[in-house]
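Okay, here's what each chain looks like letter by letter:
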Amino acid sequence: MTNPKDLKYSEHDEWLRLDADGVHAWVGITAQAVEALSDLVFLDLPEVGKEIQQGEVFGEIESVKAVADLYAPMTGEVVKRNDALIDDLAILKKDPYGAGWMLQIRVEKRSEADKLMQADAYASHLKSRADHH
Amino acid sequence: MPTPLERVIFHRAHSDKEYLRVVAADPTLDAITLDFAERSDGVGGMEQVGEVEVVRHYTRLSLLNWDIDRGLYPLGSCTMKHNPRLHERVAADPAYSQAHPSWPAAYLAQHCGIMNELAADLATLSGFDKVCLQPAAGAHGELTAVFMIRAWHLSRGDATRDVFLIPDSAHGTNPASAAMSGFRCVQVKSGPEGTLRVEDIRELLNERLAAIMITNPNTLGIYETQFSDIADAVHKAGGLVYMDGANFNAAMGVFQPGRIGADVMHFNLHKTFTTPHGGGGPGSGPIGFNATLAPFAPDSGKAESIGRVKSWFGQWGMYIRAWVYIRTLGSIGLHEVSEEAVLNANYIRRRLEGVLSMPVKSATLHESVFNDRDLPNKITTLDVAKRLIDYGFHPPTVYFPIHVHGALMIEPTETESLDELDRFCDAMRAVVAEAATDPERLKSAPHTTCVSRVDEVLAARSLDLRWVATERG
């Protein structure tokens, strides 16, 4: 499984795609996260207009095995929410980096993006985690 | 050949018969029976079914089920041990089974004596000053303890402590109890040995800390060697220590939580003390605590008490079984229970080491955790668990603890014979061998049950518990 090079990644397995305007960004979870969660059951996302804070929980995803918190990769206001995804979580399995987006946010501080990982760094982060257990 | 699926009982109904009149043979049910008979369509949508069909229906359903009386039930951290029949005989004695808590005190002297002795025995085993029997389940005991911890902080005028530290290996009920009591949960990561490290905890200690919840031995079956150091650090920071007693079956006569720094813990009478689990229950989750917390207990009678958490005395029927268990074995016998639980678990560990991968290699007590990392052909923990059913065993706990990928957690308990342990290990080895030679057989398992794989996503998203008459079979 390779991760798209144009995205940034958090240690909690969220991805972020900064738009060309430098103001908007798209947020989702990685293919590896989707696979680890197995069969998905529920997704809880914040309403449009809500503020999310980098590193803080912004939602929840539940599989038949467990419930996992979703952590905001950057601070910003929710501009769009993917309601189609909430209704059909199978989309996440098919297209986690495209149709499986969760939120679009209006980014507050662009510098926060520096705290996120590039695809290579995320790959080695995953590897070190797999070696641990 | 799989057994045909049993139809729901409504499909067995015959509206032209009035079998329910049979019930009238019992004069105490006259009023109800008359009401039944006057309705041509049954009671509240219930159709009429003959006694013979009712008996056969539920007997057949019970045969589709699995229970500890049929064989090994090695669910990790659940301690599914045999329920000795002596306990059932004593509990069924009308002097106990028919007793009512509103009887005059003089009639209940013996019952109260038994409850006091049980509480005292649990206090001795755990090293706590006091025990409250009231909570009706392990998680209920946790919640009661968290309420007491909150009351203690508030009594000191300390209303800003809102954080509970919870290890990544904890049972989900721990953060649930803390969150339901208004606390914020902060996760503590286990170290590479599978245990908590005091240096990791120290980094999280501050004036917001209310308490830490630690399961010991933890859900990997490993004794938390730094428990006392962690407890000291937490106490110095102004917090309290809750010990989850789910795994107390490894601890009896070995260590006393109350003497190594825990302030409060719960017992599961339905795990450690052989009262029936789940539907055979009800459960019972007494708590032990030190003198500092005693005024806040549900039954302290003090103004500081959090108030009662269960009506009357709690699950009396479970107390008497646990009391008989403790009386039958004595202190030496209980110590042997823990030793043999550890021995049995380690026998399985040795027989399966090298067959299944072990994510953490540290010495384990009453249970051990394997995972699916080295299985060929993309065979998962779920496939192994399902195939084990075909071999006549209840699967172990799977995908818990959640910090281990594809966890498979095995706790045999002390009540299994060497022969049964060997049969189980042979089955596990056969299943793992099949993973290489016949993976499809695992992926489509189980093959011997009336229902094979269920659609868990559909069951979770569109749960439908109500039967509606749409067609007649």
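If you're wondering where the values come from, they're calculated on a predicted model, not measured in any experiment.

Some details on the confidence of the model for chain B
Residues and elements named next belong to chain B.
Step number 1: The predicted model of chain B averages 90 in pLDDT, with 89% of residues at 70 or higher.
Step number 2: Every residue in residues 17–26 is under pLDDT 50, and counting partners more than four places away or in other chains gives 16 contacts.
Step number 3: This model gives residues 29–45 a pLDDT under 50, and the stretch forms 16 contacts once residues within four places in sequence are excluded.
Step number 4: ipTM for the predicted complex: 0.75, alongside a pTM of 0.86.

A word on the interface of chain A and chain B
Step number 1: Taken residue by residue, the interface counts 13 residues in chain A and 13 residues in chain B.
Step number 2: Together chain A and chain B conceal approximately 1,100 Å² of surface at their shared face, both sides included; 60% is due to carbon and sulfur atoms.
Step number 3: Where chain A meets chain B, there are zero salt bridges.
Step number 4: Between the two partners, chain A and chain B, sit three residue pairs in polar contact (both at pLDDT 80 or more).
Step number 5: Going through the elements one at a time, β4 (40–44), α2 (83–87) and α4 (119–132) of chain A are the ones with two or more residues in the side of chain A that touches chain B.
Step number 6: Among the elements that make up the side of chain A that touches chain B, the one with the highest residue count is β4 of chain A (three residues).
Step number 7: Tallied by class, the residues present in the side of chain A that touches chain B amount to eight nonpolar, two polar and three charged.

Structural notes on the packing of helix α10 (residues 316–352) of chain B against helix α12 (residues 418–437) of chain B
All names here are of chain B.
Step number 1: At their nearest, the axes of α10 and α12 sit 10 Å apart, and the two run at 30 degrees to each other. For the element pair α10 / α12, the angle class is roughly parallel. You can see that α10 and α12 cross each other, and the crossing is right-handed. Residues N344, Y347, I348, R351 and L352 of α10 form the contact with α12, whose own contacting residues are L418, L421, D422, F424, C425, D426, M428 and R429.
Step number 2: Of the residues belonging to the contact of α10 with α12, the class tally is eight nonpolar, one polar and four charged.

About the criteria used
- Residues numbered from 1 in each chain as written.
- Chains lettered and ligands numbered in written order.
- Predicted model: local features only at pLDDT ≥ 70, side-chain atom pairs only at ≥ 80, totals over all residues.
- Heavy atoms only, no water.
- pLDDT = per-residue confidence, 0-100.
- Contact = heavy atoms within 4.5 Å.
- Buried area = accessible area lost by both parts, 1.4 Å probe.
- Salt bridge = Lys/Arg side-chain N within 4 Å of Asp/Glu carboxyl O.
- Polar contact = N/O pair within 3.5 Å; in protein donor to acceptor, adjacent residues only side chain to side chain.
- Helix = DSSP H or I, 4+ residues; strand = E, 2+ residues; numbered from the N terminus.
- Nonpolar A, V, L, I, M, F, W, Y, C, P; charged D, E, K, R; others polar.
- Axes fitted to C-alpha atoms, helices over the stretch in contact; angles between N-to-C directions.
- Parallel < 35°, antiparallel > 145°, perpendicular 65-115°, else oblique.
- Left-handed = near helix turned anticlockwise from the far one by under 90°.

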